[in-house]
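# Survey of secondary and tertiary structure
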Amino acid sequence: MARILLLHSQYGLRPAVHEAAERLRAAGHEVRVPDLYDGRVVGTPEDAIAIKEELGRDELLKRAVATAAPLSGQGVVYAGFSLGGALAQNLALADENARGLLLMHGTSDLPEGAYLDDLPVQLHVADPDTYEPVDWQNAWYLLMRRAGADVEVFRYPGVGHLFTDPGLPDHDRESAERAWSAALAFLADL
């Protein structure tokens, strides 16, 4: 069983995030799903960008840190969708007791000198992905490996950015099931 902190995308705490949490719980994991947007949920990329910019990166990170702080030191697996993945990566980098990092559709910059001491990391990403271009993904992968992470990347050709969310036009059922199958196996190995 893993203790998982699951962070939502820039669309907010959508039903798909709750469904993902239930899928993880059904596999025996303890899952916490914070609402970083205080109940606001949006349905278009334009609205998602607007709310993300309104709150700002620093405020979102502050909210994510406040949620993670009570769990830090308990061997948490940080996970997230898109923006939530970027935030989860930042949290995992700051928690020396992190057990793993599960990234669905999103990554973040890696600070110079980061050290991840064999942290298991799994990334699921569209190929191509407008938010995570191939050059970015390749550079990210190399930096994560150089920092000591044990990284696994799964690319899904021809799907949209948030292909695991059945409530969005990006959804691709077959790719989503493949992603969840690999993610559950990753978590079981932790």
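Residues numbered from 1 in each chain as written. Predicted model: local features only at pLDDT ≥ 70, side-chain atom pairs only at ≥ 80, totals over all residues. Heavy atoms only, no water.

### What about the packing of aromatic side chains?
Using the following cut-off: The criterion for an aromatic pair is that two Phe, Tyr or Trp rings (for Trp, the six-membered ring) have centres within 6.5 Å, with stacked assigned to planes under 30 degrees apart, edge-to-face to planes over 60 apart and tilted to the rest. Whether a residue is buried, partly exposed or exposed follows from its accessible area with a 1.4 Å probe, protein chains only, as a fraction of its type maximum: under 20%, in between, or over 50%, in that order.
By the definition in use, this model includes 2 aromatic pairs. Ring centres of tyrosine 156 and phenylalanine 163 lie 4.7 Å apart, and the angle between their planes is 45°; this geometry places the pair in the tilted category. As far as the burial class goes, tyrosine 156 and phenylalanine 163 line up, both buried.

### A word on the nonpolar core
We apply this condition: Here, nonpolar core refers to any group of buried Ala, Val, Leu, Ile, Met, Phe, Trp, Tyr and Cys residues whose side-chain atoms link them within 4.5 Å. Each helix corresponds to a stretch of at least 4 residues labelled H or I by DSSP, and each strand to a stretch of at least 2 residues labelled E; elements are numbered beginning at the N terminus.
Grouped together as the largest cluster of nonpolar side chains are 32 residues, with contacts concentrated most on Leu5, Leu7, Tyr78, Leu101, Val121 and Met144. The set of elements that each furnish at least two residues to this core consists of β1 (3–7), α2 (45–55), α3 (57–68), β3 (76–81), α4 (83–94), β4 (100–104), β5 (120–127) and α5 (134–146). With 5 residues, the single largest contributor to this core is α4. Leu13, Val33, Val77 and Met104 belong to the second largest nonpolar core, which has 29 residues in total.

### Things to note about α2
Rules: Each direction from the helix axis to a C-beta atom contributes to the arc, which is the arc of those directions.
Those residues of α2 lying buried are Ala48, Ile51 and Leu55. With its buried residues spanning 70° around the axis, α2 presents them on a single face. The exposed residues of α2 that point more than 90 degrees off its buried face are Glu46, Glu53 and Glu54. Backbone geometry just downstream of α2 places glycine 56 in the positive-phi region, at approximately 85°.

### Structural notes on the sheet that holds β3
What counts is decided by this rule: A pair of strands is considered paired only if DSSP assigns at least 2 bridges between the two. Here, axes are lines fitted to C-alpha atoms. For helices the fit covers the stretch in contact, and angles between N-to-C directions go from 0 to 180 degrees.
Sheet architecture is open: 6 strands sit in the order β2-β1-β3-β4-β5-β6, paired in parallel fashion. A single partner strand is all that each edge strand has here, and the edge strands are β2 (30–32) and β6 (150–157). Looking at each pair of strands side by side, their axes are set apart by 15° on average, direction ignored. Direction of pairing for β1 relative to β2: parallel, over a ladder of 3 bridges. Directly across from leucine 5, in β2, lies its bridge partner arginine 32.

### Concerning a negative patch on the surface
What counts here: Like charges are joined within 9 Å and nonpolar side chains (Val, Leu, Ile, Met, Phe, Trp, Tyr) within 5 Å, but only among residues with over 30% relative accessible area and no salt bridge; these make up the patches. Each accessible area is a Shrake-Rupley result for a 1.4 Å probe, and residues are judged covered by the shown protein chains and nothing else. The salt bridge criterion pairs a side-chain nitrogen of Lys or Arg with a carboxyl oxygen of Asp or Glu, the two atoms within 4 Å. Counted charges follow a simple rule, with Lys and Arg positive, Asp and Glu negative, and His plus the chain ends left uncounted. Just so you know, the charge point we use is NZ for Lys, CZ for Arg, CG for Asp and CD for Glu.
A cluster of acidic residues, Asp117, Asp118, Asp150, Glu152 and Asp189, forms a negative patch on the protein surface. The topology assignment puts aspartate 150 in strand β6.

### A closer look at helix α1 (residues 15–26)
For clarity, the cut-off: Under the convention used throughout, the expected extent of a helix is 1.5 Å for every residue step, that is, one less than its residue count. Throughout, a contact is declared for two residues whenever any of their heavy atoms are within 4.5 Å.
Here α1 contains 12 residues, and its C-alpha end-to-end distance of 16 Å stays within 8% of the 16 Å for a straight helix at 1.5 Å per residue. For α1, the secondary structure elements touched by its buried residues are β1, β2, β3 and α6 (173–189). Backbone geometry just downstream of α1 places glycine 28 in the positive-phi region, at approximately 100°.

### So, the pattern of salt bridges
Using the criterion set out here, one finds 9 salt bridges in the structure. In this structure, arginine 25 engages glutamate 22 in a salt bridge whose closest nitrogen and oxygen atoms are separated by 2.7 Å. Placement of the pair is arginine 25 and glutamate 22 together in helix α1, with a separation of 3 residues, close to one helical turn. Among the residues examined, arginine 25 registers a relative accessible area of 34% and is labelled partly exposed. Residues arginine 63 and glutamate 59 are paired through a salt bridge, measuring 2.8 Å at the closest nitrogen-oxygen approach. Note that arginine 63 and glutamate 59 are positioned in helix α3 at a spacing of 4 residues, about one turn of the helix. Look at arginine 63 and you get partly exposed, because its relative accessible area is 21%.

### Quick look at the side chain of aspartate 165
Note the threshold: Under this definition, polar contacts are N or O atom pairs within 3.5 Å; protein pairs additionally need one hydrogen-donor-capable and one acceptor-capable atom, and for neighbouring residues in sequence, both atoms have to be side-chain atoms.
Mapped onto the elements, aspartate 165 comes out in the loop between β6 and α6. Side chain to side chain, aspartate 165 and arginine 14 meet in a polar contact 2.7 Å long. Those residues within four positions of aspartate 165 in sequence are excluded, and the remaining contacts are Arg14, Ala16 and His171.

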